Amino acid sequence: MANDNVLDVLTASIPTPFLLVDEAIVRKNIRHVQDYADHHGFAVRPHVKTHKSLRITRMQLDAGAVGVAVAKVGEAEVMSAIENLDILVAYPAVGAQRARSLARLAQHHKISVAADTEYLIEELAHAAGEQAATIGILIMFDAGLHRCGVADPGQLTRLARLAATRKGLRFDGIQIYLGHLYGDAARAADSFEPINRLWEPAHDALCAAGLKPRIVSSGSTPSLFNTHRVRHVNEIRVGTAVYQDAFSLKFGHCTLEDCAVRVVATVVSDVVPGQVIIDAGAKALSAKPLLRNANLEMGVIPEYPEARVFRLHEEHGWVDVSRCPKPPRIGQRLSIVPVAVSHCVNQYDTFYLLTTRGEFETEPVDARGRYV
């Protein structure tokens, strides 16, 4: 990323706050993931909920990705603008309207859906039958987060058999999410043994039932480069890793040089000693704090490492600059690495791509606001 003086010059005509994405860093991050996957024989399936961009998706596909994962049906509909795209809805898309939409998409694209209940499997089968389509199913395995998924081998096998035998469906495999591992736990080899102790009997039961999963897809950025420690995985789902953010930075899962996104804001007030106010509040940065304690951090300002974004209202951001040798001045632009980049991106209709040619191009956040 450009330093603050260069940033002021390059972006002077763009009103703040706005979202800035560095193409060179994005491409480097994509390559890093693909190289890791190639080394371990994994397919790469980027989770587009992070960037919500057709342009970034095409970069990932050009680098070798086999398809995409999405969080919502609406995101799948946006991504279907890319011909012959393999789309996984990595979310239990319950609801008759969602099922019908997926069945329609499945007439022209390879569509699969993550499921952990008979209810959803039957709902998808009904919609697929109505549309004369086929929808793939990945049964969700609970690796320890206890959000969605099942770990009991018998229950997992029953769901897989249902998916394999219902007309209009196709049993594709298993989806795993390692969201409970971050920080030191995501790096320690022994963190993965409890997962394998749960997963190995489940995998054996599937194989014994003639239901060996064709795909075992694992996701989560913090533990991404340790995915090879989970047995039988052959696909990785990656979201945040394409951009990285202050959460990844805080817990040592990336460096500042890996953070491709900035919210560019302007200092609009400096009347309180030791503090400045910026024009990026909760709406611009997303209001998710980094840690739930007294030392809240809501973004990292690379130009001022001693500064701390400690409070957000809708349109105002509080920045403690009391420890800065030379605090930012009123009217100055600051670039902020957001804490939760997926939340942040969804606040914007467009982003400004700093291309590898050193030019700015305006790009739509194509799947913004697709909550359904």
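Refer to the preceding data block for the structure.
Residues numbered from 1 in each chain as written. Predicted model: local features only at pLDDT ≥ 70, side-chain atom pairs only at ≥ 80, totals over all residues. Heavy atoms only, no water.

(A) Summary view of the packing of helix α6 (residues 118-131) against helix α7 (residues 153-165). Two elements in contact, α6 and α7, have axes whose closest approach is 10 Å; the angle formed by their N-to-C orientations is 5 degrees. Of the possible angle classes, the one that applies to α6 and α7 is roughly parallel. Counting all contacts with α6, which are made through E118, I121 and E122, the residues of α7 involved are L159, L162 and A163. (Axes fitted to C-alpha atoms, helices over the stretch in contact; angles between N-to-C directions. Helix = DSSP H or I, 4+ residues; strand = E, 2+ residues; numbered from the N terminus. Parallel < 35°, antiparallel > 145°, perpendicular 65-115°, else oblique. Contact = heavy atoms within 4.5 Å.)

(B) Summary view of the pattern of salt bridges. Taken as a whole, this structure holds 22 salt bridges when the rule is applied. Note that R231 is salt-bridged to E193, the shortest N-O span being 3.6 Å. Note that R231 is positioned in the loop between β8 (215-219) and β9 (235-238) and E193 in helix α9 (residues 193-208), a separation of 38 residues in sequence. Between R231 and E200 there is a salt bridge, and its shortest N-O distance comes to 3.4 Å. Placement of R231 in the loop between β8 and β9 and of E200 in helix α9 is noted, with a sequence separation of 31 residues between them. If you follow the salt bridges from partner to partner, you end up with R55, R357, E359, E361 and E363 in one network. (Salt bridge = Lys/Arg side-chain N within 4 Å of Asp/Glu carboxyl O.)

(C) Just the side chain of E23, in detail. Mapped onto the fold, E23 is located in helix α2 (residues 23-40). On the basis of relative accessible area, E23 is assigned to the buried category, the value being 5%. (Buried < 20%, exposed > 50% of the residue type's maximum accessible area, 1.4 Å probe, protein only.)

(D) Broad picture of helix α5 (residues 96-105). Of the positions making up α5, those classed as buried are R98, A99, S101, L102, A103 and L105. Those residues of α5 that are buried lie in contact with α4 (73-79), β4 (86-89), β5 (110-115), α6 and β6 (135-141).

(E) Structural context of the pairing of β6. Of all seven residues in β6, seven are buried; the element is thus mostly enclosed. Of the two faces of β6, the one holding I135, I137, I139 and F141 and the one holding G136, L138 and M140 are both buried throughout. The pairing of β5 with β6 spans four bridges and is classified as parallel. Looking at the pairing, V113 lines up with I137 of β6. Considered for its hand, the β-α-β crossover made up of β5, α6 and β6 is right-handed. Pairing of β6 with strand β7 (residues 169-177) involves seven bridges; the strand directions are parallel. By the bridge assignment for β7, F141 is matched with I176. For the handedness criterion, the β-α-β arrangement of β6, α7 and β7 is classed as right-handed. (Pairing = 2+ DSSP bridges. Right-handed = clockwise from strand over helix to strand, strands pointing away.)

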